[in-house]
Every structure is written in C-alpha cells, then in structure tokens.
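Structure assessment
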Number of protein chains: 2
Amino acid sequence: MDRSAEFARWKAQCLSKVDLSRKGSVDEDVVELVQLLNAREQFFTTSSCAGRILLLDGGINSFEVQKQNCCWLLVTHKPCVKDDVIIALRKANGDAILKFEPFVLHVQCRQLQDAQILHSVAIDSGFRNSGITVGKRGKTILAVRSTHGLEVPLSHKGKLMVTEEYIDFLLNIANQKMEENKKRIERFYNCLQHALERETDSKSHPKIKEKNNSSYTQKKNRSPEKAHGKCITEENVKELENEDDDDPEIIVNIFPDDY
Amino acid sequence: MDRSAEFARWKAQCLSKVDLSRKGSVDEDVVELVQLLNAREQFFTTSSCAGRILLLDGGINSFEVQKQNCCWLLVTHKPCVKDDVIIALRKANGDAILKFEPFVLHVQCRQLQDAQILHSVAIDSGFRNSGITVGKRGKTILAVRSTHGLEVPLSHKGKLMVTEEYIDFLLNIANQKMEENKKRIERFYNCLQHALERETDSKSHPKIKEKNNSSYTQKKNRSPEKAHGKCITEENVKELENEDDDDPEIIVNIFPDDY
C-alpha cells in the first residue's frame, strides 16, 4: 500500500475509534481547531486537551503522583474560584497538587513536510515546546506543547500547607494562564488557517510558492500591531510567553536566523 | 556542499563558538553526556541545562515573568535549603516564583534517522516531552525534554504569600525532583551508549542490524530488574515519570504498538 493510502487508512481507523479520554469528547475550546485539521487529508488529530486546572491527590510523597494512580479532586477547563478548591481539598488525604496544564495537541501528519508546516505554525503561535515524532514505520506526529504551566503542592499527608488567601492568589494566576492559553489557541487556529491557505495557493499557483510557502517569511512582513489573534512574530511570542526557553542557557543556536 | 560536509561545517562552527549562557560553561552533571554526543560525527549539542532550582522576581503580575526581563534571585544546580530561599526572597519586590527546571538538551543531528535514534533513547529514559525540529534548510534538532517541573508563586508585590514551613516542604519536593532528574540523566547516558554501540555493531555486522537497530526492540527484551540506571521499559518510565501524558486524554494513539 502506498504512503498516502496507508495514511488514509490510519486516519479512518483513528477517527472511527471511541474517545478513550476520561471526558470522552473533544474539549469545547479546540473543537474548531480539531475539525480544521481533520478536514485536511494530510492531517488527523490523535489527542487533545484545551487546557485545564487540575487538583490531584497524590501519594504521601508528591513525587509519586501518577495520573493513573492518584485521585482527581477537581478538574475544570474553565476559570476556577477559591471555594471550588477549598471544598475539593477536604477530600485530600495525601499530597494534593494544583496544576494548570496548557493546551496539548497531537496531530498525525502524512509527510514530514506537513509536520514542518504545522510545527512552524505552533512555534509562531507561542507553543515553543512543540516537536515532531517520527516512528520506525514512518508515522509522523506533531505534538503541540506550551511551556506555560503551573504545578503547586498544596497539602502534605492531608494537611493543608498554604492559606486560603494563597489559594485565591494562586487561582488568579491559574485563571490568567487559562485566558492566555485560550488566546494562544485562537492564534494557532488563525495562524494555521493562513498557513493552509498559503499552501493551497502555492499548489494552485506554483509561481508564488517560493514567496508564500513559509510562515517564517510571513512573520518578517507582519507588524506586531496586526498580530492580535493572528500568526505573530517570534518577538511577540517571547513577550507573551512565560517562557523558560528565552534563557540563553536554553536556546543558544536553537532557532538560527536561517532556520 | 553535500549534506555530511555541511553538517560537519555547522558542527565545527557551533562548537567553536563562545558559550552564551549566563553560566558560560556546560553544567557538571551533563559534561560526560555532551562529550559522548559531540564525539560522534552525526551529533552535536547546541544547548543544555542539567536541571536547576530557580527563584525569579517577576513583574507584579507573575504572568509577565520573562527570563530576560526579570531578576534571578537564586539559581542552583544542587539541592537547596530553606534559608537560601528565605534570604534571596528579601530582595524580591515583585512576584517571586520558585521553579524546578529539569534537564534540557538540544542536539543537532546529521540526518532524521540519527534524531529518531536519539529520540527513542530520550523517550525510553523518561524524557517524554522530547521532540524533533526540522528546519527549512534541513537542520534537524532533537530537543530532550522532561515533564518533570515545578512552578510555584511565592510572593506578590514583594509580600511573601506562604510560610517558611511551606518553603521547607516545597524545597524537599524540588530536591527530590533534582535527584530523580540526575538519575534520568544517567539513564539517558547509559541508554545512549547502548544505542550507539548497537548502531556501530549493526554497521560492522549488517546481518544483525535488523535485530539490534532499535531500542524499542530491546525494551521488550529487558526485564525491569535490569533497568536500573539503564535504558528501561516504557512501563518503568511511566512508574518513574510524574507524567501528565499518562492521562488517556493526552496519549490516545500517540505511541501505538507498531510505532
């Protein structure tokens, strides 16, 4: 079976499967994005999470926290108020941890080139921990990842280690991250639409392919003012990103100019 | 210039450059690993951080924290005690955040195949957020990333929001993560050595290539008992990993059996 046919088979198989997530459905905030990708023959999504605030009750050593073992005291994809957490914490008897987990998306791509386009869209949209996986049989998956999390131990052996005031302060931060995460998903959606349009144009007008086939080209031409909710410059991404990789210790030579 | 020659040129250029990190040198705990990689013609490292505990003083809105703008109150690659943080916090006048940042490594690879081998080593060693970047000019970089962090807001507008007891509790967790991070770097080093040996063997004995050219093959044959400090089974990785991706919502179909 040729590569395209095999990919089409994988896609049909995957999209026909039952959603195995605890929630059992795609999160509201990413439905459009997932549909946009799955409507394209070169992509299909294998998993997604729009972003969520989680309260976990782990073992008495929080280091041992495992999603599959520990108890989920609270999970929400919407902003969260102190009382939700205070009430949920009453059920904690181990080491409870509050997490903000940003948007995560895994997309299987027909060819490496398709993954590269999606990867540059992800980077341009602020998802700077995104990366490609290429399996032995050539399965090519782009993981869209942000660095934009929060992980805060709250209790030890069931004893609350922080004040209610702190939980309130913490949730303000978590809710802000949730808001910014939503903006980034919009940015990713818009950036992806532009990239796919450019790709379609370049196929129908090969002459302008050179000019339009890279969101990197476009980045340099777009002014920050026009960037809101759109594909934006790397500089803006850095301004928006609570981003470890802005530390030169981490990014030396990672994205050279000619990348 | 052919691909190999161009890669050799990039490698020579990169390794001759001054280290631009704040520290100005490779972290002690990853020197051997970096040397092992740079001794191979198909790899060179472009950046690394062994893992560290960081205390940052951000803007009055912690969401705006940016490494390049904010003040580093404390950074250590060794376990940390409460008093270090308490003293450093006296200098905080914005929103101070304590972070544990795990091992990060970026390796430029001559070919996608080289990156795939390194990627499977990284996944087998517990670095499950690792991923490949392929640039327009074919520059192929593997980023080795863990999910194993900590990000805890401690003060707001210079006011400490937690108790000293909490900071002590938090540092115990951060120090445990530092320890586990070190073990994972060792595991990565050992797993990489085995993978590189297998690769060399398979080149000198093409007949056994099929049997030995994948750490995935090996994973299935290795018993957990033999795994300590070595390349380990995915199951062990999950046990060891404080791993968001163990949630089915996140990993559905990401690593199918035939991956």
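Residues numbered from 1 in each chain as written. Chains lettered and ligands numbered in written order. Predicted model: local features only at pLDDT ≥ 70, side-chain atom pairs only at ≥ 80, totals over all residues. Heavy atoms only, no water.

Considering helix α3 (residues 82-89) of chain A
Residues and elements named next belong to chain A. Taken residue by residue, α3 has V85, I86, A88 and L89 as its buried positions. Seen from one end, α3 has its buried residues packed into an arc of 165°, which puts them on one side. For α3, the secondary structure elements touched by its buried residues are β2 (52-58), β3 (71-76), β4 (95-101), β10 (159-160) and α5 (164-204). (Buried < 20%, exposed > 50% of the residue type's maximum accessible area, 1.4 Å probe, protein only. Helix = DSSP H or I, 4+ residues; strand = E, 2+ residues; numbered from the N terminus. Arc of directions from axis to C-beta. Contact = heavy atoms within 4.5 Å.)

So, the confidence of the model for chain A
Residues and elements named next belong to chain A. Per-residue confidence for chain A gives a mean pLDDT of 80, with 75% of residues at or over 70. Here helix α9 (residues 248-251) stands out as the least confident element of chain A, with mean pLDDT 29; strand β5 (residues 104-109) is the most confident, with 98. Contacts of residues 208-259 to residues separated by more than four positions or lying in other chains number 137 contacts, the stretch itself having pLDDT below 50. Scored as a whole, the predicted complex attains pTM 0.79, and scored at its interfaces, ipTM 0.78. (pLDDT = per-residue confidence, 0-100.)

Let's talk about the packing of aromatic side chains
With the rule as written, the count across this model stands at eleven aromatic pairs over all chains. Here F7 of chain B and F44 of chain B contribute two aromatic rings whose centre-to-centre distance is 5.3 Å and whose plane-to-plane angle is 50°, an arrangement assigned as tilted. Linking F7 of chain B in helix α1 (residues 3-16) with F44 of chain B in strand β1 (residues 43-49), this pair joins segments that are 37 residues apart in sequence. In this structure, F7 of chain B and F44 of chain B share a single accessibility class: buried. Pairwise contacts between aromatic rings join Y166 and F169 of chain A together with Y166 and F169 of chain B into one cluster. (Phe/Tyr/Trp six-rings, centres within 6.5 Å; stacked < 30°, edge-to-face > 60°.)

So, unusual backbone geometry
Most peptide bonds take the trans form, and the phi angle of most residues other than glycine is negative. For K157 of chain A, which is not glycine, the phi dihedral falls at a positive 50°. Positionally, K157 of chain A belongs in the loop between β9 (155-156) and β10.

Quick word on the packing of helix α4 (residues 112-124) of chain A against α5 of chain A
Each pair of packed helices gets described by two things: the angle between the helix axes and the distance between those axes. Residues and elements named next belong to chain A. Where α4 contacts α5, the two axes come as close as 9 Å, and the packing angle between them is 145°. For α4 against α5, the interelement crossing comes out right-handed. Contacts from D114, I117, L118, V121, A122 and D124 of α4 reach α5 at F188, C191, L192, A195 and E199. Classifying every residue of the contact of α4 with α5 gives eight nonpolar, no polar and three charged. (Axes fitted to C-alpha atoms, helices over the stretch in contact; angles between N-to-C directions. Left-handed = near helix turned anticlockwise from the far one by under 90°. Nonpolar A, V, L, I, M, F, W, Y, C, P; charged D, E, K, R; others polar.)

Some points on the environment of L20 of chain A
Note on placement: L20 of chain A falls in the loop between α1 (3-16) and α2 (31-38). Under the relative-accessibility criterion, L20 of chain A is labelled exposed at 56%.

With respect to the packing of α2 of chain A against α5 of chain A
All names here are of chain A. The contact between α2 and α5 brings their axes to 10 Å, and the two run at 20°. When the axes of α2 and α5 are compared, the pair comes out roughly parallel. For α2 against α5, the interelement crossing comes out left-handed. Contacts between α2 and α5 pair E32, L33, L36 and L37 from the former with I185, F188, Y189, L192, Q193 and L196 from the latter. Across the contact of α2 with α5, the residue classes tally to eight nonpolar, one polar and one charged. (Parallel < 35°, antiparallel > 145°, perpendicular 65-115°, else oblique.)

Notes on the environment of M178 of chain B
Looking at the secondary structure, you find M178 of chain B in helix α5 (residues 164-204). For the pair M178 of chain B and K17 of chain B, spaced 161 residues apart in sequence, the C-alpha separation works out to 29 Å.

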